[in-house]
Protein chains: 2
Amino acid sequence: MTDETRERIVDAAGEVFSQKGFQQATIREICGLAEANVAAVNYHFGDKETLYVEAVKRAHCESVPVDRSEWPSDLPADEQLRLFLEKMLTDMLDRETPGWHTALIMREMAHPTSACEELVRGYIGPRFELLCEILRALLPQDMPGRDVTLHAFSVIGQCLVYRFHRPVGRLLIGEDEFEALFDVERLTRHISNFCLAGLAAAREEAL
Amino acid sequence: MTDETRERIVDAAGEVFSQKGFQQATIREICGLAEANVAAVNYHFGDKETLYVEAVKRAHCESVPVDRSEWPSDLPADEQLRLFLEKMLTDMLDRETPGWHTALIMREMAHPTSACEELVRGYIGPRFELLCEILRALLPQDMPGRDVTLHAFSVIGQCLVYRFHRPVGRLLIGEDEFEALFDVERLTRHISNFCLAGLAAAREEAL
DNA sequence: CACTGATTTAAACAAGTGTTTTAATCGGTT
DNA sequence: AACCGATTAAAACACTTGTTTAAATCAGTG
């Protein structure tokens, strides 16, 4: 049990931080879950914030990397977009996915802390770059980068809304109705169709 | 100064709550801003949560109501959508807008509390309904309500992303570049073009 | 002016927080 | 077995928080 304690604490911290956020989570709850003493946090990490950063680091290190070498770049761009959306929506919405890793990343996206910069560099950034490249293939060649970015935000905005505004959505159209929308396949189909039409229009307009 | 104190406290509470959220805001800071004694909150409102609900209530009561009678329903549907987007983006992004009202509503959208239900009923709901009606005019007549809802979420998702993920956006493409995107006119044009193309495609597909 | 109820004030309270201290315990080494 | 550094444990510390108390002040009325 040399530094198994350290491991258990990071794991418990990820669990609790992802559910309650940095401030709301208490060291006592984390240590209770990890079956460790409260002093262990200061002994192993120094303070609460360092532990938090450690948990975020672990979250995005252990999440599936965007291995560009294994991304099917030879697929038609519209198929690549469909695939990208399916992956993103699965990561974000799939309730079957166990573990706190994605939840913590999502929380950090909504409430950035000092850990965010590294998260953008190591997790969000590469994915965003991939999306932009896919979009570039579907947009006029001479389109300024800034406009490509606008399209990228349009694509991810449609996904994020289901993750970050779920409670409002439930109140808005009823809980059952909203949960019925939570089908990755259905959402993938809708969003990719919607986006591909928007992209095609931008392509035509440029002619 | 009979219940001017009460007014000052609600106003200061809205200010602080909108910036820091319910938990992070402290009664002492609110009362400091309101130039009132800490005990005044309990005297006038009972407890912190009641004060919060009061502030949210004031926020959406004083915000511009969706007066359906003065909405230009005779405009072409695509123009209505453009107008709707412009209003929504202006409310959400315009930094010139003083006051905490919108900021508090936005915060409640991301972190719903007990005040959210009433907010959905009195503020978000009517606006969402209006959007759905506009979209219905742009979509096949026989399209199921559920699919109209999907399109509505696609529209508002593209707006919300600029409000709720601003910090990540700044890190992602650089602060200056991101702020340059924050032009209501430009965003309105992009999002409405993008959406109108998606809607047109859904219309054609139904033929 | 004196009385009364509403309001304000300063101080204290009780609970919870991150952190530190100090002593006990463990595991390996000589 | 005795020692030693690393780790764990329980308790205390210092501070912040929402809330309450009890006295002081104010505003209106007889």
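Residues numbered from 1 in each chain as written. Chains lettered and ligands numbered in written order. Predicted model: local features only at pLDDT ≥ 70, side-chain atom pairs only at ≥ 80, totals over all residues. Heavy atoms only, no water.

(A) A look at the packing of aromatic side chains. For the structure on display, the rule yields 18 aromatic pairs over all chains. For the ring pair Y162 of chain A and F153 of chain B, a centre distance of 5.6 Å and an interplane angle of 70° mean the geometry is edge-to-face. Placement of the pair is Y162 of chain A in helix 8 (residues 145-164) and F153 of chain B in helix 8 (residues 145-164), with the two residues belonging to separate chains. The exposure classification of Y162 of chain A matches that of F153 of chain B, with both residues buried. Their ring planes at 20° and their centres at 5.9 Å tell us that F17 of chain B and F22 of chain B sit as a pair that is stacked. In this structure F17 of chain B comes out as buried when scored by relative accessible area, which is 0%. Taken together, the aromatic side chains of F128 and F153 of chain A together with Y162, F178 and F182 of chain B make up a single cluster linked through ring pairs. Residue placement shows R127 of chain A over the ring face of Y123 of chain A; its charged tip is 3.7 Å from the ring centre. Directly above the aromatic system of F22 of chain B lies the positively charged group of K48 of chain B, at a separation of 4.7 Å from the ring centroid. (Phe/Tyr/Trp six-rings, centres within 6.5 Å; stacked < 30°, edge-to-face > 60°. Helix = DSSP H or I, 4+ residues; strand = E, 2+ residues; numbered from the N terminus. Buried < 20%, exposed > 50% of the residue type's maximum accessible area, 1.4 Å probe, protein only. Lys NZ or Arg CZ within 6 Å of the ring centre and 35° of its normal.)

(B) Region of interest: the protein's contact with DNA strand C. Near DNA strand C there are 15 residues, and of these T26 and K48 of chain A together with T5, Y43 and H44 of chain B occur at the shortest range. The sugar-phosphate share of atoms of DNA strand C within 4 Å of the protein amounts to 56%. Listed by contribution, the elements that provide at least two residues to the surface near DNA strand C are helix 2 (27-34) and helix 3 (39-45) of chain A together with helix 3 (39-45) of chain B. Considering every element that reaches the surface near DNA strand C, the biggest residue donor is helix 3 of chain B, with 3 residues. Its residues assigned to classes, the surface near DNA strand C comprises 6 nonpolar, 5 polar and 4 charged. (Near = heavy atom within 4 Å. Nonpolar A, V, L, I, M, F, W, Y, C, P; charged D, E, K, R; others polar.)

(C) Up close: the protein's contact with DNA strand D. T5, Y43 and H44 of chain A together with R28 and K48 of chain B are the nearest of the 15 residues found near DNA strand D. A share of 52% is what sugar and phosphate atoms reach among the atoms of DNA strand D within 4 Å of the protein. Separating a phosphate oxygen of DNA strand D from a side-chain N or O atom of H44 of chain A is a distance of 2.8 Å. With respect to DNA strand D, the side chain of N42 of chain B contributes an N or O atom lying 3.4 Å from a phosphate oxygen. Listing elements by their share of the surface near DNA strand D, those giving two or more residues are helix 3 of chain A together with helix 2 (27-34) and helix 3 of chain B. Looking at the surface near DNA strand D residue by residue, the classes come out as 6 nonpolar, 5 polar and 4 charged. (Polar contact = N/O pair within 3.5 Å; in protein donor to acceptor, adjacent residues only side chain to side chain.)

(D) Broad picture of the interface of chain B and chain A. Of the residues lining the interface, 45 residues belong to chain B; the matching set on chain A comes to 45 residues. Of the roughly 4200 Å² buried where chain B meets chain A, counting both sides, 74% is carbon and sulfur surface. Contact with chain A buries surface across chain B, with R146, F153 and F194 of chain B losing the most and accounting together for 17% of the total. Joining chain B to chain A, the criterion identifies 4 salt bridges. (Contact = heavy atoms within 4.5 Å. Buried area = accessible area lost by both parts, 1.4 Å probe. Salt bridge = Lys/Arg side-chain N within 4 Å of Asp/Glu carboxyl O.)

(E) Broad picture of unusual backbone geometry. All names here are of chain A. Of note in this structure, E35 is not a glycine but carries a positive phi near 55°. Considering the arrangement of structural elements, one finds E35 in the loop between helix 2 and helix 3. Overall, E35 belongs to the exposed group, its relative accessible area being 71%.

(F) Highlighting the side chain of H60 of chain A. Tracing the backbone through its elements, the reader meets H60 of chain A in helix 4 (residues 48-62). Filtering out sequence-adjacent residues up to four positions away, H60 of chain A remains in contact with I105, E118, L119, G122 and Y123 of chain A.

Fair warning: the whole summary comes from geometry, so function is off the table for now.
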